[in-house]
Amino acid sequence: MLTKLFALFLGPSGIAVLGNMKSVMQILISSSSFGMQQGIIRFTSEFKEQRVAFQKLLGTAHIVYGLIALFIAVVLFSFSDYFATVILQDNKYAWLFQILAIIVPFQGFHMLYFSILQGLDNYKNVVWVELIMIFCNLIFVSLSTFKFGLTGALFAVACIPVFYFFISISFLKSDIPNFKIAWSRSTAKNLFLYALMTLFSGIAFPLLFILIRNHISSVLGMNEVGYWEAVNQFSFFYFILLNSIMLMYVLPKITAQTDDVFYRSQVIEYFKKIMPLFAVFLVALFLLRKYAILILLSPEFTSIETLFGWQLLGDFFRALTLILSIYFHARRMAVPYIIIDALLFVLLLTLTTVFVESYGLLGAVKAHFISYFIYFAVTAFWLRKILFNANDAVNT
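In short, a report on the structure.

Reading the values: rules and limits
Residues numbered from 1 in each chain as written. Predicted model: local features only at pLDDT ≥ 70, side-chain atom pairs only at ≥ 80, totals over all residues. Heavy atoms only, no water. Helix = DSSP H or I, 4+ residues; strand = E, 2+ residues; numbered from the N terminus. Polar contact = N/O pair within 3.5 Å; in protein donor to acceptor, adjacent residues only side chain to side chain. Contact = heavy atoms within 4.5 Å. Core = buried A, V, L, I, M, F, W, Y, C linked by side-chain atoms within 4.5 Å. Buried < 20%, exposed > 50% of the residue type's maximum accessible area, 1.4 Å probe, protein only. 1 Å grid on protein atoms, 1.4 Å probe; cavity = no way out; pocket = protein on both sides within 12 Å on 5 of 7 lines; lining within 4 Å. Points joined across faces, edges and corners; volume = space filled by probe spheres on them. Nonpolar A, V, L, I, M, F, W, Y, C, P; charged D, E, K, R; others polar. Phe/Tyr/Trp six-rings, centres within 6.5 Å; stacked < 30°, edge-to-face > 60°. Lys NZ or Arg CZ within 6 Å of the ring centre and 35° of its normal. Axes fitted to C-alpha atoms, helices over the stretch in contact; angles between N-to-C directions. Parallel < 35°, antiparallel > 145°, perpendicular 65-115°, else oblique. Left-handed = near helix turned anticlockwise from the far one by under 90°.

1. Considerations on the side chain of Ser144
In step 1: Along the polypeptide, Ser144 turns up in helix H7 (residues 123-172).
In step 2: At 2.9 Å, the side chain of Ser144 forms a polar contact with the backbone oxygen of Phe140.
In step 3: Apart from the residues lying within four places of it in its own chain, the contact partners of Ser144 are Gly149, Gly152, Ala153 and Ala156.

What follows is the structure in structure tokens.
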């Protein structure tokens with residue numbers, strides 16, 4: 001619904017600017033929580049019945065999140081003109097980054113409290129929090145966009161974490177013990193071990209999309225950025241579902257079962273059950289793309305029909321790689337994960353830069369396909385001994 005609203009009221013150029021703002025918020029989500037969400041969830045689940053250990057976790061996490069929020073707030077406020085010029089390409093939006101400096105602590109502590117809520121295994125409360133957040137986001141952003149256009153949309157996206165903070169803390173306050181603001185070195189060390197992989201991807205790829213949007217804008221114009229952003233919205237929607245399947249169902253099983261034979265069985269099951277359905281969906285979307293654009297966006301975006309082929313091919317290989325890259329998370333293999341993601345970062349940035357200048361906007365989606373094809377091939381090659389070693393099966 002919001003995508004449709006943005007298409008109708010903001011147009012391609014407005015969606016382009018809003019895309020960079022959303023990337024900024026994604027960077028802030030990762031940096032303000034220092035990529036520790038998974039660690040908070042795990043240790044909350046582990047220590048929830050151990051009062052002293054749980055209090056150490058809460059106290060240490062509050063210190064870490066507080067210090068990070070303070071640092072980010074100072075940086076945002078001090079360099080607000082620079083960020084507005086570089087990211088949103090207009091220093092008139094400096095006020096937005098000054099507001100973000102105030103919002104950052106709310107964002108960080110919302111992520112902390114929501115992670116604790118997930119770790120307490122109170123799924124009913126987690127679902128309620130998510131539903132209320134979706135409702136608040138829909139109402140607040142819709143009204144702001146309808147009333148004030150692009151300025152209202154940017155303001156709403158920046159300020160919505162304040163609502164999230166109060167929603168999370170209201171559901172959490174009765175479920176946690178009293179805690180002291182105390183530092184535990186061992187707890188902090190355990191949390192930082194979880195931070196590295198999440199923090200890298202959480203900052204690198206939103207930054208990559210900002211760089212790509214700005215390059216397309218400088219070469220082709222802001223409207224073309226909006227068209228590129230629009231076709232990426234389709235990918236965003238169905239990868240929410242695929243990523244949820246990975247995190248909620250596949251990752252816990254692979255983490256619990258350290259046997260590589262079991263992991264191979266999960267890969268085979270994913271390729272046999274999930275990927276054929278996903279392939280059929282992509283083919284259907286390609287054939288019905290004209291109607292999908294009219295339903296989700298507006299007639300102004302019909303020109304993006306030509307971008308779907310390469311985009312969907314790239315998404316197919318991106319989906320293939322999900323089940324492979326999840327192995328690095330399950331085994332906490334930070335080095336290969338970061339190396340391969342860094343390769344993807346360089347490929348997407350380099351190929352998009354070169355291809356946009358040669359092929360126009362079509363070059364961006366061609367770069368998307370080639371990058372994710374290489375990403376899949378490299379990841380499969382890295383895991384080849386695990387994926388194709390038959391000795392484990394013989395030995396068992």
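Alright, that's what it looks like, and here's the rest.
2. Here's the deal with the nonpolar core
In step 1: Among the nonpolar cores identified, the biggest contains 133 residues, and Tyr263 and Ile304 are the most heavily contacted of them.
In step 2: Looking at this core element by element, the count peaks at 17 residues for H7.
In step 3: Sequence-distant contacts of Ile304, defined by excluding residues within four places in its chain, comprise Tyr227, Ala230, Val231, Phe234, Ile293 and Leu297.

3. Considerations on empty space enclosed by the protein
In step 1: Considering all chains together, one arrives at 2 cavities of 30 Å³ or more under this definition.
In step 2: Volume-wise, the largest cavity comes out at about 70 Å³.
In step 3: Forming the walls of the largest cavity are Thr3, Phe6, Ile15, Leu18, Gly19, Lys22, Glu229 and Gln233.
In step 4: At the level of secondary structure, the elements contributing two or more residues to the lining of the largest cavity comprise helix H1 (2-9), helix H2 (11-33) and helix H9 (222-256).
In step 5: Ranked by residue count, the leading element in the lining of the largest cavity is H2, at 4 residues.
In step 6: Estimated volume of the second largest cavity: approximately 50 Å³.
In step 7: Along the walls of the second largest cavity sit Ala16, Val17, Asn20, Ile87, Leu88, Gln89, Arg213, Asn214, Ser217, Met222 and Val225, which together make up its complete lining.
In step 8: Among the elements of the structure, H2, helix H8 (185-220) and H9 are those that each provide at least two residues to the lining of the second largest cavity.
In step 9: Tallied by class, the residues present in the lining of the second largest cavity amount to 6 nonpolar, 4 polar and 1 charged.

4. Comments concerning the layout of surface pockets
In step 1: As a volume, the second largest pocket reaches approximately 470 Å³.
In step 2: Surrounding the second largest pocket, 20 residues form its lining, Ile27, Leu76, Phe83, Ile87 and Leu207 being those nearest its centre.
In step 3: Counting only elements with at least two residues in the lining of the second largest pocket, the list comes to H2, helix H4 (51-78), helix H5 (80-87) and H8.
In step 4: Its residues placed into classes, the lining of the second largest pocket shows 18 nonpolar, 2 polar and no charged.

5. Side note on the packing of aromatic side chains
In step 1: Inspection of every chain in the model, using the stated rule, returns 32 aromatic pairs.
In step 2: Ring plane angle 70° and centroid distance 5.5 Å describe the contact between Tyr238 and Phe278, whose orientation is recorded as edge-to-face. Of this pair, Tyr238 sits in helix H9 while Phe278 is found in helix H10 (residues 260-287), placing the two residues 40 residues apart along the sequence. Judged on exposure class, the residue Tyr238 and its partner Phe278 are both buried.
In step 3: With 6.5 Å between their ring centres and 25° between their planes, Phe278 and Phe281 make a pair best called stacked. Taken together, the residues span about one helical turn, with Phe278 and Phe281 both in helix H10 at a distance of 3 residues.
In step 4: Here Arg318 stacks its cationic end above the ring of Phe239, 3.9 Å away from the centre of that ring.
In step 5: Looking at Arg384, its charged tip hangs above the ring of Phe381, at a distance of 4.1 Å from the centre.

6. Describing the packing of H2 against H8
In step 1: One can describe the packing of H2 onto H8 by two numbers: an axis separation of 8 Å at closest approach and a directional angle of 165°. It follows that H2 is roughly antiparallel to H8 by the angle criterion. Here H2 runs over H8; the crossing is left-handed. On H8, the residues that touch Ala16, Gly19, Asn20, Ser23, Val24, Gln26, Ile27, Ser30 and Ser31 of H2 are Leu199, Gly202, Ile203, Pro206, Leu207, Phe209, Ile210, Arg213 and Asn214.
In step 2: Here the contact of H2 with H8 is built from residues that sort into 9 nonpolar, 8 polar and 1 charged.

7. Quick notes on the environment of Ile134
In step 1: Note on placement: Ile134 falls in helix H7.
In step 2: With a relative accessible area of 55%, Ile134 lands in the exposed category.
In step 3: Spatially, the C-alpha atoms of Ile134 and Tyr164 are 9.6 Å apart, while their sequence positions differ by 30 residues.

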